[in-house]
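# Working through the structure, step by step
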Amino acid sequence: MTVSHTLLRSLAVAGSLLFTQAAMAQDETTLQRVERTKVLRIGVISGATPYFHKDLVRNEWMGFGPDFAQSLATKLGAKVERVETSWGNAVMDLQANKIDVMFGMGPTPARREMIDFSDMLFNNTLTVVCKKGYPEVKTWEQLNDPKVKIVVDVGSNQDQFATKTLPKASIARLDSSGAASMAVQTGRADCQVLMVLLAQPLLAKRPDMGKMFVPEPVSTSTVHIGLRKSANKDLETKVNAWIQQERASGNVQKVIVHNMEKLAGVKPESFPKQVKF
């Protein structure tokens, strides 16, 4: 056999092996890949404290997401691999098989069309942060008035809630939560609709900005784990079993309270009594 024939044969065998491996990878479920590689890929987001926080000095990730991910990975017998993403790109990264799970996601109808979701990981309570000197807000209906200037970050859970609950209010939709907060601080808006896990750190950092209220009826938004859409529910079943265990043990609340104090300076006793995770 000539050298050229030998080379061609070797290339054909190598190509066949690569094709077989690619086909196997395509048919492989997320759980099978995690069990084979012993790696759980999670999405992480810079500047999303207390969900995700990167210590640039030590090059370490902290927050709800990394802590929950470590616990879940241990349960699955895997180590954690962190892949940087954004709230806007997380769904696409799950679809593209760049990450296996995304912590901290809300299951909107549009998202449910594109990815799967776990059972509820925890509840996030809706609040309003109102400018300094604004009258006490006891009910949502108090804010449902054309004279009230409400501000939200566009496309967020807060935006969806305000649109549905406060149809008569004057609602301004800004590009980011930070821009909305600045509108309240400068007096251009009366109140910002904000999740308690974002409102508490905001006021811990800017105590002179105003005051937070939890209007009646108390409203919450559930927080879940995003998963790649699949007919095979093996990973979803494992994740849901882990959630049930974590909630029953009280570890979900421990992780939240610990990170709120460590990363945002929010003391456990500062949470309003209406807030239940």
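These notes cover the structure that comes with them. (Residues numbered from 1 in each chain as written. Predicted model: local features only at pLDDT ≥ 70, side-chain atom pairs only at ≥ 80, totals over all residues. Heavy atoms only, no water.)

### A closer look at the overall build of the protein chain
Scanning the protein chain for helices and strands turns up 10 helices and 12 strands. With the principal axes as the frame, the protein chain shows a C-alpha extent of 90 × 40 × 35 Å. Per-residue burial for the protein chain yields a buried fraction of 45% across its 277 residues. Long-range pairs, those at least 24 residues apart, make up 70% of the contacts in the protein chain with a sequence separation of at least 6. In the structure as shown, the protein chain presents an accessible area of about 14,500 Å², 54% of it carried by carbon and sulfur atoms. Computing the positive centroid from 35 side-chain charges and the negative centroid from 27, the protein chain places the two 2 Å apart. (Helix = DSSP H or I, 4+ residues; strand = E, 2+ residues; numbered from the N terminus. Buried < 20%, exposed > 50% of the residue type's maximum accessible area, 1.4 Å probe, protein only. Contact = heavy atoms within 4.5 Å. Areas by Shrake-Rupley, 256 points an atom, 1.4 Å probe, with all protein chains shown as cover. Lys, Arg positive; Asp, Glu negative; His and termini not counted. Charge placed at Lys NZ, Arg CZ, Asp CG, Glu CD.)

### Notes on the environment of Thr108
Looking at the element boundaries, Thr108 is found in the loop between β5 (101–105) and α5 (109–114). Residue Thr108 is classed as buried on the basis of its relative accessible area, which comes to 13%. Distance in space between the C-alpha atoms of Thr108 and Asn157 is 8.5 Å, their sequence separation being 49 residues. The contact partners of Thr108, leaving out residues within four places of it in the chain, are Asn157 and Gln160.

### Considering the environment of Ser71
Residue placement: Ser71 occurs in helix α3 (residues 64–76). Linking Ser71 and Asn251, residues 180 residues apart in sequence, is a C-alpha distance of 10.0 Å. Ser71 has contacts with Trp242 and Glu246, leaving out every residue within four places of it along the chain. Within the structure, Ser71 has its side chain in polar contact with the side chain of Glu246 (distance 3.5 Å). (Polar contact = N/O pair within 3.5 Å; in protein donor to acceptor, adjacent residues only side chain to side chain.)

### Digging into the packing of aromatic side chains
Using the criterion set out here, one finds nine aromatic pairs in the structure. Here the aromatic rings of Phe68 and Phe103 are separated by 6.3 Å at their centres, their planes lie at 20 degrees, and the arrangement is stacked. Separated by 35 residues along the polypeptide, Phe68 in helix α3 and Phe103 in strand β5 bring together distant segments of the chain. For Phe103, a relative accessible area of 2% puts it in the buried group. Measuring from ring centre to ring centre gives 4.8 Å for Trp140 and Phe161, while their planes differ by 65 degrees; the resulting arrangement is edge-to-face. Of this pair, Trp140 sits in the loop between β7 (122–131) and β8 (149–153) while Phe161 sits in helix α6 (residues 157–165); the two residues are 21 residues apart in sequence, bridging distant segments of the chain. An identical accessibility class is assigned to Trp140 and Phe161; each is buried. By the ring-pair criterion, three or more aromatic residues cluster together here, those being Tyr51, Phe52, Phe64, Trp87 and Phe122. (Phe/Tyr/Trp six-rings, centres within 6.5 Å; stacked < 30°, edge-to-face > 60°.)

### Topic: unusual backbone geometry
Geometrically, the link from Thr49 to Pro50 is a cis peptide bond, its omega value of 5 degrees lying close to zero. Turning to its location among the elements, Pro50 is positioned in the loop between β1 (39–44) and β2 (53–55). Phi is positive for Asn59, which is not a glycine, with a value near 55 degrees. Locating Asn59 in the fold gives a position in the loop between β2 and β3 (60–62).

### Structural notes on the side chain of Asp159
Among the structural elements, Asp159 can be located in helix α6. The residues contacting Asp159, other than those within four sequence positions of it, are Val152, Asp153, Val154 and Arg173.

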